[in-house]
Amino acid sequence: MPVPAAAQPDLNERLVSLGLSENADELVEKGYTVLEDAAPLEFFERLRARIVECVAEVGWVVQTGMLLSRGRIFEEAVCNPYVLAVAELLCGKGFILNQMVGTVRPPGNRGMPLHTDNDLIRDPFPPYPQVTTAVWACDDFTRDAGCTWVVPGSHRRRRHPEDGELEDEAVAIECPRGSILVWDGAIWHGSYARSAPGERVALHVMFNRMALRPFETYDLPREVLARNRPEFASLLGLNDPFGKSTVLGVDLERLNWAARVFRS
């Protein structure tokens with residue numbers, strides 16, 4: 001059964017109450033922001049340990065996905081109210097989870113070249129965000145440690161970059177462990193090579209608008225849904241009408257719910 005459309009307080013009220021007004025302005029103007037104190041440092045320590053375990057479980061790779069089904073701590077992360085608020089700001093009401101990926105970057109990792117997270121969206125992008133990425137920094141993000149870099153304001157160009165375009169205008173997003181980096185999926189970004197010793201562990205959580213398909217889909221036990229906040233079911237696409245048609249046609253209850261949420 002869909003969650004009532006009025007289940008959440010007004011977004012602006014939540015942004016103010018969570019102290020995210022400045023972050024919201026940065027996301028609109030610059031295309032990225034850094035959330036501080038969104039979760040206790042102890043939570044990041046437990047998150048880091050579980051990500052390292054999950055990566056080790058799949059062998060030689062430095063990343064692994066489908067994390068929502070691989071530990072309750074990932075359920076807690078995806079339901080973080082600070083992250084949910086800024087994700088709704090960018091991707092609108094009824095947004096869904098795209099994927100959860102854990103990364104472990106060792107010394108010598110080459111980093112990532114210039115790109116956007118609007119992987120399968122053609123130029124020109126719509127005038128509003130389609131994808132939101134939130135990166136939980138379980139270790140310090142510094143340039144030597146292989147932190148993310150962005151071209152501020154590039155999300156407003158509404159297109160994919162050419163190779164190396166405007167990289168001379170890029171800025172490093174340096175922040176301490178316990179921070180959450182959030183950006184509009186249209187912003188041009190990459191990451192530096194890692195030269196520092198040790199590993200950089202992070203959780204990458206992507207969200208997208210309700211009408212876009214996610215990379216990951218889950219069939220979680222009913223008790224998992226019951227123990228989480230109401231938005232959890234919506235994040236998994238359980239309340240929307242996509243993929244739920246029968247021989248009688250579209251699921252009208254979910255279609256009407258989605259229309260009310262999306263237009264409100």
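Note that the coordinates shown come from a computational prediction; the quantities given were computed from them, not determined experimentally.

A. Fine view of the nonpolar core. Counting 47 residues, the largest nonpolar core has Val-78, Trp-136 and Leu-203 as the members making the most contacts within it. Those residues in contact with Val-78, other than ones at most four positions away along the chain, are Leu-68, Leu-84, Leu-97, Met-100, Val-205, Phe-207, Phe-232 and Leu-235. Counting residues in each nonpolar core, the second largest holds 18 residues, with Tyr-32, Trp-188, Tyr-192 and Ala-202 among its members.

B. Representation of unusual backbone geometry within the structure. With an omega of -10°, the peptide bond between Asp-123 and Pro-124 qualifies as cis. When you line up the elements, Pro-124 lands in the loop between strand E4 (112-115) and strand E5 (131-137). You will see that Asp-37, though not glycine, has its phi angle at about 60°, which is positive. For Asp-37, the location among the structural elements is in the loop between strand E1 (32-35) and helix H3 (41-57). A residue is classified by how much of its surface remains accessible, and Asp-37, at 68% relative accessible area, is exposed.

C. Summary view of the packing of aromatic side chains. On inspection of all chains with the given rule, the structure shows four aromatic pairs. Ring geometry for Phe-44 versus Trp-136: centroids 5.3 Å apart, planes at 45°, classification tilted. Within this pair, whereas Phe-44 is found in helix H3, its partner Trp-136 is found in strand E5, the two being separated by 92 residues in sequence. Per residue, the accessibility class of Phe-44 equals that of Trp-136, and both read buried. Three or more aromatic residues link up through ring pairs in this structure, and these residues are Phe-43, Phe-44 and Trp-136.

D. Expanded view of the layout of surface pockets. Taken as a whole, the largest pocket spans an internal volume of roughly 600 Å³. Forming the walls of the largest pocket are 25 residues, and the residues nearest its centre are Gln-63, Thr-103, Met-112, His-115 and His-204. Of all the secondary structure elements, the ones that give two or more residues to the lining of the largest pocket are strand E3 (96-105), E4, E5, strand E9 (189-191) and strand E10 (200-208). Looking at the lining of the largest pocket element by element, the count peaks at four residues for E3. Classifying every residue of the lining of the largest pocket by side-chain character gives eight nonpolar, 12 polar and five charged.

E. Spotlight on the sheet that holds E3. Taken in spatial order, the six strands line up as E1-E8-E5-E10-E3-E2 in an open sheet, and their pairing is antiparallel. Each having just a single partner strand, E1 and strand E2 (63-64) make up the two edges of the open sheet. Across the sheet, helix H5 (residues 81-91) is in contact with E1, E5, strand E8 (179-184) and E10; its angle to E5 comes to roughly 155°.

F. Quick look at the side chain of Ser-191. Positionally, Ser-191 belongs in strand E9. Polar side-chain contacts of Ser-191 include one of 3.3 Å to the side chain of Arg-105. Within the local environment of Ser-191, its side chain forms a polar contact with the backbone nitrogen of Met-112, the two atoms lying 2.9 Å apart. With near-sequence residues (within four places) excluded, Ser-191 lies in contact with Arg-105, Gly-111, Met-112, Gly-146, Cys-147, Thr-148 and Trp-149.

Parameters and conventions
Residues numbered from 1 in each chain as written. Predicted model: local features only at pLDDT ≥ 70, side-chain atom pairs only at ≥ 80, totals over all residues. Heavy atoms only, no water. Core = buried A, V, L, I, M, F, W, Y, C linked by side-chain atoms within 4.5 Å. Buried < 20%, exposed > 50% of the residue type's maximum accessible area, 1.4 Å probe, protein only. Contact = heavy atoms within 4.5 Å. Helix = DSSP H or I, 4+ residues; strand = E, 2+ residues; numbered from the N terminus. Phe/Tyr/Trp six-rings, centres within 6.5 Å; stacked < 30°, edge-to-face > 60°. 1 Å grid on protein atoms, 1.4 Å probe; cavity = no way out; pocket = protein on both sides within 12 Å on 5 of 7 lines; lining within 4 Å. Points joined across faces, edges and corners; volume = space filled by probe spheres on them. Nonpolar A, V, L, I, M, F, W, Y, C, P; charged D, E, K, R; others polar. Pairing = 2+ DSSP bridges. Axes fitted to C-alpha atoms, helices over the stretch in contact; angles between N-to-C directions. Polar contact = N/O pair within 3.5 Å; in protein donor to acceptor, adjacent residues only side chain to side chain.

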